[in-house]
Structure formats: C-alpha cells, structure tokens
Amino acid sequence: MLLGKSLVEISKLIEKKDISNKEVIDYFLKRIDKYDKKLNAYLTVNRYYKSDNFYKMILPIAVKDNFCTQGIKTTASSKVLKNFIPPYESTVTKRLIDASFFILGKTNMDAWAHGSSTETSDFGPTKNPWDLLCSAGGSSGGSAAVVSSYLAPAAIGSETAGSIRQPAAWSGVIGLKPTYGRVSRYGLIAMASSFDCPGPLTLTTEDTAFILKIIAGKDKFDATTTPNEVPDYVASLKKKKQFIIGVTDEYLNGVDEEINKSFYQLVKILEKLGHQIKKIKLLSPKYSISVYTIIQRAEVSSNLARYDGIRYGNNRTFFGSEAKRRIMLGTYVLSYGYYDAYYKKAQKVRTLIIEDFKKVFKEVDIILAPTTPIAALKLGEFDKYPFFGEIMDVLNEPAAIAGICAISFPFGLTKKGNLPIGLQLMGRWFEEENILNLTYQIEKETDFLGVIKKGVKKYPD
Amino acid sequence: MKKSKLSKDDVLRLAHLAGLTLNEKEIEKYKKQLEETISYIENLNELKTDNILPTSYVNFLTNIFFIDEEKNERALTLEEVFQNTKNKKNNCFRVKKIFDE
C-alpha cells in the first residue's frame, strides 16, 4: 500500500488514520533490512523510534552522513570520524525534527564529500539501485540510492558542485541544489564553505518543494544565509507559468548522444507547453573546472585543518587518499608565492562566471542542460579518469560557482544500459519557485517518462 | 599544455605545512597528480582579468554581526565538549608537548 508513495501522500494517509506513524517507520526499517546489504546506502540506521504520541504526525527521512545529528553517529564516511557522536544538531535536521520528521538513518557518501561516485567512502561504495555493478553517483550517492530504491521516501543531501544533482541523475530521482545562502550550513561538516548547499532528493517535485519550505530561511548560526522571505514553494507549483528557456551548445559538446537525444525530446515538449526556447552563449565550462578545482581545494585544506584528533575524532593519519590529495593541492594554491597566481586568479574568474550568468539571465528565465555527460559508470572505472569528479560534474560546476539554484530530474533511460538520464534546470539566484514550477509542469506532462516509478518497482515489498 | 614540475622537496614541504605524513609511494603519486592538476588549471590564463575584482561572497549581504549580549544557545556543556575525546585531564585536552623544559 505504501510502495512508491511520496512524503506528501504518506502524510495524507497518516492524517486520515489509514496508517499509523509506527507502521510507516516499521515499513521502511523492514525494507532497509531487506535491501540495504546489497546497496550499502545507509551507514547508520536509527531504530529508536518511540511512538509516545499517537496523534502527532511523524514522517521518515534519510539524511546524508555529513549533517551533525545530536546523539546519532556522524562520520562524513571517513575513518577520522568513525566514532563521532555530535553534541549538537545541524540547523537542517533541527528544522526537520521540529516539523515532525524522524531521521531513519544516515546515508553513505564520498568521504568528506570528496568525489562523485561514493567510492572514496571509507565504508565501501554505494551501489546504483538500477545496476548493482554501477556507481550511484556522489557525493550524496547514499541519499540518491535510498530514494530511488524506496528505502526512504525522501532524503537530504548536500552539494558543493554536483553532489546532489549528479547522484540524482545517475540514480533516477529528483535533486535540488538551492541558491547559496538559501539553506543553512550550520552543523553541516564543511567541504568548501563558499559553495556548500544542503538540499532534498525526492520522488516528486511536490516533495522537493515541501522539504525546501521547511529547511530554507535565515539562520542566525550561519551568517551567509540571507533574510529573503521563504515563499510557499508548494502552493506556487500550481501556477501555470510561461518561461523563456535558454539552451547552449557549450553544455552539449562531449555529452553522450543518448543524453542529448533526451534533451532535444524535452525541448520539443517545452515548446508544445508554450515556453519559448532561446539559444544563449555561456563561458566554456572548462574554466569552471579550473576555478572550482582551485577554490574548492583551498577551502578543503583549510576546513580539514581542524581534524587533528585532539578534541574529537582520530588524528590526521586516518585521512584517505582523496582527502590527502585535495589538502595537498589546496595547501599549494594558498602557499606563499602562489596565492596570486592561483587562488586570486580563480576568484577573479569566478567574478567573470557570475557576470556571465547575470548577463544571460537578462535574456532568459531558466537554462536547460544535461546534468551529466554520461549515465552511471561501472564501479572501479573512476581510477581511469585522473579528474573523475571534475569531468562528471563539468555541467554542474558553473551553477555552483555562481551560487544559483538548479534542479536535476530523470528524463528517460539509456538503451545501452537501461540507466537513468538526468536533465537539469538552472534558475536565477533565489528563484527556486521558477525551476520547481517548470519541473512540476514537466512531471505533469511526462511523468519523467516513467523513470522514477520503474526504479521503485525494481524493489518490491 | 605547459608541463608543471614539482620537486620531491616541494611535495614534502606541502605535506609538512598540511600536517600530513606521506610514505615514498604517496610522495611519488601526489607529485605526479599535483603536476597534472597544476598544468590543467593554467587554462585560466587564457582569460583576461586585469580590472576584475575577486569574488569573496556570491550573494548580496555585507557586515553580518552577532547581536550583542544575546544568549549563546550554541554553548556546549563540559560533558558535551569532552564526549568525543580520548585525551582529557582535569577538564582540559591533553596535547603533545611543544616546548622543551
């Protein structure tokens, strides 16, 4: 009865008393027991649900293991934090708990969120629910996999540049990266502080809007959050808005033919729905790779400096190879003599990328592009690509660098591997309402070509 | 693409600054990977940035201060502060000695 139901649908069932909170939680715990050994998507499962109040609505959700959850182990998938029990709650999880959510468990990820495949996790990779030999994507791979296989009705992930959208695309679910500053980073284990954005992964657009409304907004514990009003994202889905949608060859070059085919299929549907498609020109994403590599590594080396094993966690010998590599490069670009050549230059090009988006967003409301250049790769292939994460995230990095909002949703399957294809919409700063509205229109018109429902069906009760 | 070169001493100096201990194999591996990455990021020099200000923050806020005399809700109890350490003595963290007597 519950299989594939969205969060909003579950809440209605509980409200009508068709099902109790406890039955819902037990249902997901049972599914986790049945399937998670295969998928390795959860690092910690929270079995301590107590139904002390039958009349209070409780909704289950999975949370990426880099959000501090008071009393629940939080590792960021690194052995450095193998036994770390946070003494405080992150703002995102606090707001969810206050809104009557129950944290079902903490999901696997690339260690410290460094990667795009969950293969850098110190606790083993997460398998793609569509093909167990493939990667679920990353770094929020566990969060994408639990939603795709319905081991949670929704999940929270975090994105620095692609870490929500890319696993959402590879695992066939919806993933939203909000505008930088829209959702608080307090209690999120920092990767690159000037990029990090928490966001939801869900089965429906409505659920994404529903969760965003709860977690968004100013937080006095994160000075980079902005005081913009939080609109009713759910209510605004239903307005039939018309948009000017930009498309650019820069985001189609080098992209798999099947993915580009899905892209053009959607372009036709959008025209049919009355939207205007407009060709635009953007800076090549190859510069975004360099900007991102420099700034992110610099911020990583400074953020990870605090892990010295004195106040908590293990000492620095416990860092994995990817973290060490990033710390080394970050230290290099920040060190004496190189700061101007690399870090400062990258921050200047970051300004150019922001200006580039500002210019384009004067002509169009939304930009449509593929989320990833290829569908899910086999586990292990990551070693063949020296810049693996950067190549997989090349289409995600520009939006992350500029801090604008973007959403990925599934649109078709590859013929070769029967794997999900992800497309994305990028919107202006703080215009989540628009990209959600258009995603909702696409969902109503096409049901994402049935991808999400097919994914859930692979994991029967 | 110009190939960037790093010496073994460069790599060891970076590791020292970052508080990392590397074995011989790692030194070689990171030296090669760092050289590759540094060569790639040189492509930023194709773009002119003479009169461009560097970005420090992508949004519009300026000067955000904590409100004076507000109760600090984030303060942890002593028990919470020490709950994750193995090195504690008399409500202090024990660290390695850095001065000789």
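Thresholds applied
- Residues numbered from 1 in each chain as written.
- Chains lettered and ligands numbered in written order.
- Predicted model: local features only at pLDDT ≥ 70, side-chain atom pairs only at ≥ 80, totals over all residues.
- Heavy atoms only, no water.
- Helix = DSSP H or I, 4+ residues; strand = E, 2+ residues; numbered from the N terminus.
- Buried < 20%, exposed > 50% of the residue type's maximum accessible area, 1.4 Å probe, protein only.
- Pairing = 2+ DSSP bridges.
- Axes fitted to C-alpha atoms, helices over the stretch in contact; angles between N-to-C directions.
- Contact = heavy atoms within 4.5 Å.
- Parallel < 35°, antiparallel > 145°, perpendicular 65-115°, else oblique.
- Nonpolar A, V, L, I, M, F, W, Y, C, P; charged D, E, K, R; others polar.
- Buried area = accessible area lost by both parts, 1.4 Å probe.
- Salt bridge = Lys/Arg side-chain N within 4 Å of Asp/Glu carboxyl O.
- Polar contact = N/O pair within 3.5 Å; in protein donor to acceptor, adjacent residues only side chain to side chain.
- Phe/Tyr/Trp six-rings, centres within 6.5 Å; stacked < 30°, edge-to-face > 60°.
- Lys NZ or Arg CZ within 6 Å of the ring centre and 35° of its normal.
- Disulfide = S-S within 2.5 Å.

Peer 1: When you look at unusual backbone geometry in this model, what are you seeing that I'm missing?
Peer 2: Note on backbone geometry: most residues besides glycine have negative phi, and most peptide bonds are trans. Cis geometry is found at the peptide bond from Gly138 of chain A to Ser139 of chain A, where omega equals 10°. Relative to the helices and strands, Ser139 of chain A resides in the loop between strand E5 (131-135) and helix H4 (141-148). Here the phi dihedral of Leu449 of chain A falls at roughly 55°; this positive angle occurs in a residue that is not glycine. Turning to its location among the elements, Leu449 of chain A is positioned in the loop between helix H13 (432-446) and helix H14 (451-457). Exposure remark for Leu449 of chain A: the relative accessible area of 31% places this residue in the partly exposed category. Phi at Glu69 of chain B is positive, roughly 60°, even though this residue is not glycine.

Peer 1: Sorry if this is basic, but what is going on with the sheet that holds strand E2 (residues 59-64) of chain A here?
Peer 2: For sheets, the rule is that strands pair by backbone hydrogen bonds, running either parallel or antiparallel. Residues and elements named next belong to chain A. Strand order in the open sheet formed by 11 strands is E1-E3-E2-E6-E8-E7-E12-E13-E11-E9-E10, with mixed pairing between adjacent strands. In this open sheet, the two strands that pair with only one neighbour each are strand E1 (42-45) and strand E10 (276-279). Here the average twist between neighbouring strands, direction ignored, is 30°. Strand direction decides the pairing type here: strand E7 (residues 174-177) and strand E12 (residues 405-413), joined by 3 bridges, are antiparallel. When the sheet's bridge partners are listed, Lys177 is paired in E12 with Ala406. Strands E2, strand E3 (101-107) and strand E6 (154-159) of the sheet are contacted by helix H1 (residues 7-15), whose axis makes an angle of about 150° with E2.

Peer 1: I'm lost on the packing of helix H1 (residues 8-18) of chain B against helix H2 (residues 24-41) of chain B in this one. Help?
Peer 2: Residue and element names in this part refer to chain B. Between H1 and H2, the shortest axis-to-axis distance is 10 Å and the interhelical angle comes to 100°. Regarding the angle of H1 to H2, the classification is roughly perpendicular. Where H1 approaches H2, its residues Lys8, Val11, Leu12 and Leu14 are matched on the opposing element by Glu24, Ile27, Lys31 and Leu34. Its residues assigned to classes, the contact of H1 with H2 comprises 5 nonpolar, no polar and 3 charged.

Peer 1: Looking at this structure, how should I read the interface of chain B and chain A?
Peer 2: It is common to give the size of an interface as the accessible area that goes away when the parts come together. Contact residues are listed per partner, giving 54 residues for chain B and 62 residues for chain A. Between chain B and chain A lies a buried interface of about 4900 Å² when both sides are counted; carbon and sulfur atoms form 64% of it. Here chain B and chain A share 4 salt bridges between them. Notably, a salt bridge pairs Lys324 of chain A with Glu26 of chain B, separated by 2.7 Å at the nearest N-O pair. Top element by residues in the side of chain B that touches chain A is H2 of chain B. It accounts for 10 residues. Of the residues assigned to the side of chain B that touches chain A, the class counts are 28 nonpolar, 13 polar and 13 charged.

Peer 1: Help me out: how do you make sense of the side chain of Asn43 of chain B in this one?
Peer 2: Turning to its location among the elements, Asn43 of chain B is positioned in the loop between H2 and helix H3 (78-82). Within polar-contact distance, the side chain of Asn43 of chain B engages the side chain of Ser290 of chain A at 2.7 Å. Every residue in contact with Asn43 of chain B, bar those within four places of it in the chain, is listed here: Lys286, Tyr287 and Ser290 of chain A.

Peer 1: For this particular structure, what's the right way to read the packing of aromatic side chains?
Peer 2: The geometry of an aromatic ring pair is captured by the separation of the ring centres together with the interplanar angle, meaning the angle of the planes. Applying the stated criterion to the full structure yields 22 aromatic pairs over all chains. For the cation-ring pair, Arg350 of chain A lies above Phe195 of chain A, with the distance from its terminal atom to the ring centre recorded as 4.3 Å. A cation sits over an aromatic face here: Lys88 of chain B above Phe82 of chain B, 5.2 Å from the ring centre.

Peer 1: Is there a simple way to explain H4 of chain A in this structure?
Peer 2: Along an α-helix, residues three or four positions apart point the same way, because every turn accommodates 3.6 residues. Residue and element names in this part refer to chain A. In terms of burial, H4 is a largely internal element, 8 of the 8 residues being buried. Looking at H4, one finds that the buried residues are Gly141, Gly142, Ser143, Ala144, Ala145, Val146, Val147 and Ser148. After H4 finishes, the residue Tyr150 shows a positive phi value of roughly 60°.

Peer 1: Would you mind showing me how to read the state of the cysteines here?
Peer 2: Applying the stated criterion across every chain, the model contains 0 disulfides over all chains. This cysteine, Cys405 of chain A, is not joined by any disulfide, and Cys197 of chain A carries the nearest cysteine sulfur, 9.7 Å off.

Peer 1: Quick question: what am I supposed to make of the environment of Thr126 of chain A here?
Peer 2: Residue and element names in this part refer to chain A. Within the secondary structure, Thr126 is located in the loop between E3 and strand E4 (127-128). In contact with Thr126, other than residues within four places in its own chain, are Leu39, Asn40, Ala41, Asn108, Thr118, Cys134, Ser135, Ala136, Gly141, Gly142, Ala145 and Leu379. Here the side chain of Thr126 touches Asn108 through a polar contact of 3.1 Å, side chain to side chain.

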